[in-house]
Amino acid sequence: MFIRPKSLSSESKRELFSQGATRSMLKNKMRNFHSLSQLVLSAGPLKSTPAVKNAKSSHFEIEILDAQTRKQICIVDKVMQTSTIHDVKQKFHKEYPKWYPSRVGLQLECGGPFLKDYITIQSVAASSIVTLYFTDLGQQVRWTTVFLAEYTGPLLIYLLFYLRIPYIYDMKESSRRIRHSVVHLACFCHCIHYIRYLLETLFVHRVSAGHTPLKNLIKGCAFYWGFTSWIAYYINHPRYTPPSFGNRQVTVSAINFLICEAGNHFINVVLAHPNHTGTNACFPSPNYNPFTWMFFLVSCPNYTYEIGSWISFTVMTQTLPVGIFTLLMSIQMSLWAQKKHKIYLKKFNSYMHRKSAMIPFIL
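Residues numbered from 1 in each chain as written. Predicted model: local features only at pLDDT ≥ 70, side-chain atom pairs only at ≥ 80, totals over all residues. Heavy atoms only, no water.

Caption draft 1: Here's a closer look at the pairing of strand β4 (residues 129–136). Bridging between strand β1 (residues 59–66) and β4 involves six bridges; their strand directions are parallel. In the strand pairing of β4, Leu65 is matched with Tyr133. With four bridges joining them, strand β3 (residues 104–107) and β4 adopt antiparallel strand pairing. Note that in β4 the partner of Leu106 across the bridge is Phe134. (Pairing = 2+ DSSP bridges. Helix = DSSP H or I, 4+ residues; strand = E, 2+ residues; numbered from the N terminus.)

In structure tokens, the structure reads:
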């Protein structure tokens, strides 16, 4: 008896049913994935979380503390990235009118250097909140005012002694004694020296727009005015004696004085208009003018000519006050020259190391 296998048809039905179920499940998954992708696309691109540590704020908040007490004075807010220290001082001045910008000294830390006005806030900011320490610099004056006061005083003071006004010398003795020619020549040279100073301050020198404490003006005027009074009193005194070697000593010294004055002027003109190569300034170089050839030997020829003028004036008048003044000026200018010499050596790669600071082959 033949028996028909019924399991074959049932198994095939089951396979067909399972295949249909699998296809329906795949279709449902595809629909779900499609709807999810549409939802993501409609939401737009994902925004990355900004890095807090490395992000730079568009505005800064400046906290100003007293450098001595560490107490908070004020907070300057909404300071732009491109704002400078000078801008902060201006805003600080609006809050406290008695402290004008030139009187305000700001530091990043107590005891540190004062920040220059041209420094930007962004360059010193470590975060959106910047802490600065305030110091009252006292009464301030412009550098131009300092120079004009220092040089105008000696010019007028010397002329007062030269005219031998009363209350300074004995009038009877002054009328009896005839002045030596060196006295008139000394007055001429002294006036030429300080008139040149004044004209160069106004028209040649690029004087810094910064300020200096009032005490520096007082010290400078006391030094120049005091020594001028001492020098003028001796040279214009009725009992003044001429130099030991007479007219020869006076003539040679006067010629050398005028040469040094001319050289000093031409050097200052070169320093006021330096050469430039691209964006980098070059060391002041000599030109066709023979007075500028001193640049081949020293870094600061203006100090060299200045000392030469005062040495010539000392020899010409042969007086102790002028000699002491020349010695003190030589010491001070040698310190300035050495400081500038070191700056030139660091700044200019093409600078010749064999040059001296102020005195050729010596200093």
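Next comes the rest of the write-up.
Caption draft 2: Structural detail: the sheet that holds strand β2 (residues 72–80). On the basis of which strands lie adjacent, the open sheet formed by four strands has the order β2-β1-β4-β3 and mixed pairing. Each edge of the open sheet is held by one strand with a lone partner, namely β2 and β3. For this sheet, the mean angle separating the axes of adjacent strands, direction not counted, is 30°. Summarising the sheet, β1 and β2 pair through six bridges and their orientation is antiparallel. When the bridges of β2 are listed, Phe60 appears paired with Val79. Each of β1, β2, β3 and β4 touches helix α2 (residues 85–95); the most contacted strand, β2, lies at about 125° to it. (Axes fitted to C-alpha atoms, helices over the stretch in contact; angles between N-to-C directions. Contact = heavy atoms within 4.5 Å.)

Caption draft 3: Examining a nonpolar patch on the surface more closely. On the surface, Trp293, Phe296, Leu297, Ile359, Phe361 and Ile362 cluster together into a nonpolar patch covering about 690 Å² of accessible area. If you trace the backbone, Ile359 turns up in the segment after α10 (320–347). For Ile359, a relative accessible area of 33% puts it in the partly exposed group. (Patch = residues over 30% accessible without salt bridge, like charges linked within 9 Å, V, L, I, M, F, W, Y side chains within 5 Å. Areas by Shrake-Rupley, 256 points an atom, 1.4 Å probe, with all protein chains shown as cover. Salt bridge = Lys/Arg side-chain N within 4 Å of Asp/Glu carboxyl O. Buried < 20%, exposed > 50% of the residue type's maximum accessible area, 1.4 Å probe, protein only.)

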